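Chain by chain, the residues:
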Amino acid sequence: MQDNVVIVGTGQAALSCAVRLRDSGYEGAVTMLGDEPWLPYQRPPLSKAYLKGETTADRLEFRPQEFFAKAGIVVERGSRVTSVDRNKRSVTTSDGRSYSYTKLVLTTGSRARTLPDAMTHGLEGILTLRSIADADRLRRALADAKRIVVIGGGYVGLEVASVAVRMGHAVTIVEMADRVLRRVAGAPTAEAIEELHVRYGATILTNALLTAFSGHSGKVAGAALESGTMLPADLVLVAIGGMANVELAAEAGLTVENGIVVDKFGQTSDADIYAAGDCAAFPFGGRLIRIESVQNAIEQGGVVANAILGSPVEYEPVPWFWSDQYDTKLQTAGLALDYDDILTVSTEPGCSAFWYFRDGLAVAVDTMNDAKTHMAARRIFGARVALRRELLLKPDFNLMQYVRTAAAPTG
Ligand SMILES: Cc1cc2nc3c(=O)[nH]c(=O)nc-3n(C[C@H](O)[C@H](O)[C@H](O)COP(=O)(O)OP(=O)(O)OC[C@H]3O[C@@H](n4cnc5c(N)ncnc54)[C@H](O)[C@@H]3O)c2cc1C
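Residues numbered from 1 in each chain as written. Predicted model: local features only at pLDDT ≥ 70, side-chain atom pairs only at ≥ 80, totals over all residues. Heavy atoms only, no water.

1. As for helix H7 (residues 155–166)
The terminal C-alpha atoms of H7, which comprises 12 residues, lie 17 Å apart, in line with the 16 Å expected from a rise of 1.5 Å per residue. A large share of H7 lies buried, amounting to 10 of its 12 residues. Within the sequence span of H7, burial applies to Tyr 155, Gly 157, Leu 158, Glu 159, Val 160, Ala 161, Ser 162, Val 163, Ala 164 and Val 165. Once H7 finishes, Gly 168 follows within two positions and takes phi at roughly 95°, a positive value. (Helix = DSSP H or I, 4+ residues; strand = E, 2+ residues; numbered from the N terminus. Expected span 1.5 Å × (residues − 1). Buried < 20%, exposed > 50% of the residue type's maximum accessible area, 1.4 Å probe, protein only.)

Below is the structure:
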């Protein structure tokens, strides 16, 4: 069979893989099969500019149709892959078509975690946010609603809350942990973000467990908490995290844990099948992790393409992420895993950096409105240069100078 790559999914990781294949001279067929009706598009604006109505759906698409035609990348939209036959090396779609492959790439992404029907009772006005279709629904609902309850104090919930507050709505964020951003950031970052929301007028309830919804004429009317509080609501956004889309891989007998398990080259337990992006669990710092971010989707998609091209490069990422809330850009460089200390550094009024350390060495930093520190940290972590806590504490320490000398490219 002629070389031929089939990619399941048409998201950020799929696009990155397909483009890298073509840019590196891959001559076989490249086919992307996606179940959504759009060309590959960006998700981050769905909780930011798109939700505010500042941009349109066609502007979210990474590349126009002509680009794909010119690059010789086939994008099949509305095409859900329902099974993988590893013996025959082919996949089948819900409309009964089958596509054979020499290499298969799974970039099935993740989906919004939902609450059980026994809790939502099919009430109108309880929404999640993942796709353009979800964002359109949310936008329409926001136009009519006055009282919004956001379940979950993660990035998506906080971003939507900030948009809704700015639209003049009364917004309550319900978080079952003792603070927001529990899974992804330390206490100082979370405190600063909570302060920001409260300053703009949102209400944040922590240690607050949702128990039920009340409804009126089939529409949500309130959210009940374990404490006995009933929060009136015309609209509820359930933003309680993402779940990797692993079912296709699991049914095909691939190794699956919290995601589709891959090695440092993006290869699954089948040598002809790769996975990248939100759906993939990869080795990092002695464990398997899964990252839902643009950086990860882009870079891991590229790593998979390299492996397919026969020039494998290990995936050793310096993760980075951003989130926009009100007038604040929160950025993260590195991964705050197993840290034992956090140091807050305020560079200028309104700009803060929260450095995470393990054994005295910086492993990650969250910054608020401090893009310079964010970029410097990415260079430091990328160059594997040690940055000790004592250094950051020195009054005359200049991070930019340190980057220029210690993390300067060699050769
Ligand atoms: C509202 C929102 C805001 C975000 N904001 C940020 C941000 O500010 N910064 C940041 O770094 N990241 C952000 N992210 C995360 C980022 O968008 C994702 O990490 C990224 O899109 C992952 O890309 P992916 O290609 O792995 O998956 P996806 O973009 O999810 O693409 C996977 C695609 O595969 C399709 N698919 C799944 N199963 C099948 C199948 N069986 N057959 C065919 N198609 C299938 C899915 O429908 C989907 O279209 C945000 C995400 C959301 C939802």
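2. Some remarks on the environment of Ala 280
Examined against the element boundaries, Ala 280 turns out to sit in strand S20 (residues 280–284). In this structure the C-alpha to C-alpha distance between Ala 280 and Arg 290, which are 10 residues apart in sequence, comes to 6.0 Å.

3. Re the packing of helix H1 (residues 12–23) against helix H10 (residues 294–308)
Relative to each other, H1 and H10 sit at 35°, their axes nearing to 7 Å. In terms of crossing hand, the pair formed by H1 and H10 is right-handed. Residues Gln 12, Ala 13, Ser 16, Cys 17, Arg 20 and Leu 21 of H1 form the contact with H10, whose own contacting residues are Val 294, Ala 297, Ile 298, Gly 301, Gly 302, Val 304, Ala 305, Asn 306 and Ile 308. (Axes fitted to C-alpha atoms, helices over the stretch in contact; angles between N-to-C directions. Left-handed = near helix turned anticlockwise from the far one by under 90°. Contact = heavy atoms within 4.5 Å.)

4. A look at the site of the ligand
Surveying the vicinity of the ligand reveals 32 residues, the closest of which are Asp 35, Glu 36, Lys 48, Arg 130 and Asp 278. In this structure, Arg 43 approaches the ligand through a side-chain N or O atom, which is 2.7 Å from an oxygen atom. Contact distances for the ligand include 2.6 Å between an oxygen atom and a side-chain N or O atom of Lys 48. Mapped by element, the contributors of at least two residues to the shell around the ligand are H1, H10 and strand S22 (320–325). Each residue belonging to the shell around the ligand can be placed in one class, and the counts come to 11 nonpolar, 13 polar and eight charged. When residues of the shell around the ligand are assigned to domains, at least three map to each of domain 1 (4–111 + 243–308) and domain 2 (114–240). (Near = heavy atom within 4 Å. Polar contact = N/O pair within 3.5 Å; in protein donor to acceptor, adjacent residues only side chain to side chain. Nonpolar A, V, L, I, M, F, W, Y, C, P; charged D, E, K, R; others polar. Domains from an automatic or database assignment.)

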